[in-house]
Amino acid sequence: KIKTGKDFLISLIVENHGTIFKNSQAPSMEIKTPASSAHIATILMTAKAGFAIAMPDYLGYGDSNDKDHPYVLKKSSARVSIDMLKASTRYMIDNNILFNGQVYISGYSEGGYVAMAMAEELEKNYSSDFKLKGVAPMAGPYDLEALGAREANATRTMEHPAFLAYITQSYSKAYSDL
């Protein structure tokens, strides 16, 4: 259970990043070189507003870059971010950071998909552990079947073909009957 203090209590935001293709773009890798980090502004603005922030690397990036990235696979996507949430709250509790138990989830692009999957999993299986206060899933690929059909039948040149290839690779590794 989460213990709280009497002074200033901190909420936690789990920020799920958008689609990346290089390990060097993962939050844990970019934070090592903050001068060039795309994530540093997010961290600073979140902290200035009085929130703690957790920015998980997805499976296949950071320390697990020897594994395949399960691009927009619901269970795998949610699990990694929930593991980061658990580790972050454990760190806050162990270090006497006055965590109020409130969790906010956000994400853009692939991160929007992950935010939605994570929120669903938290509500289903962790509602007694965390107080989910808000979810902001932005611009995620929520209906992959419709997206695939639209892109496969389009007569225009695909603007970002790597996304469809990423989905195809991820699903072909996860499902033997694809």
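This text goes with the structure placed above it.
Below, the structure is looked at part by part.

Rules used throughout
Residues numbered from 1 in each chain as written. Predicted model: local features only at pLDDT ≥ 70, side-chain atom pairs only at ≥ 80, totals over all residues. Heavy atoms only, no water. Salt bridge = Lys/Arg side-chain N within 4 Å of Asp/Glu carboxyl O. Helix = DSSP H or I, 4+ residues; strand = E, 2+ residues; numbered from the N terminus. Buried < 20%, exposed > 50% of the residue type's maximum accessible area, 1.4 Å probe, protein only. Phe/Tyr/Trp six-rings, centres within 6.5 Å; stacked < 30°, edge-to-face > 60°.

Some details on the pattern of salt bridges
Considering all chains together, one arrives at 5 salt bridges under this definition. For K74, the salt bridge is made with E120, and the minimal N-O distance between the two is 2.5 Å. Separated by 46 residues along the polypeptide, K74 in helix α3 (residues 74-94) and E120 in helix α4 (residues 110-125) bring together distant segments of the chain. Overall, K74 belongs to the partly exposed group, its relative accessible area being 42%. When the shortest N-O distance is used, the salt bridge between R150 and E151 registers 3.5 Å. Given the relative accessible area of 14%, E151 is considered buried.

With respect to the packing of aromatic side chains
This structure, assessed with the given rule, holds 5 aromatic pairs. Centre to centre, the rings of F21 and Y166 are 5.2 Å apart; their planes meet at 25 degrees, and the pair counts as stacked. Of this pair, F21 sits in the loop between β1 (10-16) and α1 (27-30) while Y166 sits in helix α6 (residues 161-174), and the two are 145 residues apart along the sequence. Overall, F21 belongs to the partly exposed group, its relative accessible area being 46%. For the ring pair Y171 and Y175, a centre distance of 5.5 Å and an interplane angle of 45 degrees mean the geometry is tilted. Three or more aromatic residues link up through ring pairs in this structure, and these residues are F21, Y71, F163 and Y166.

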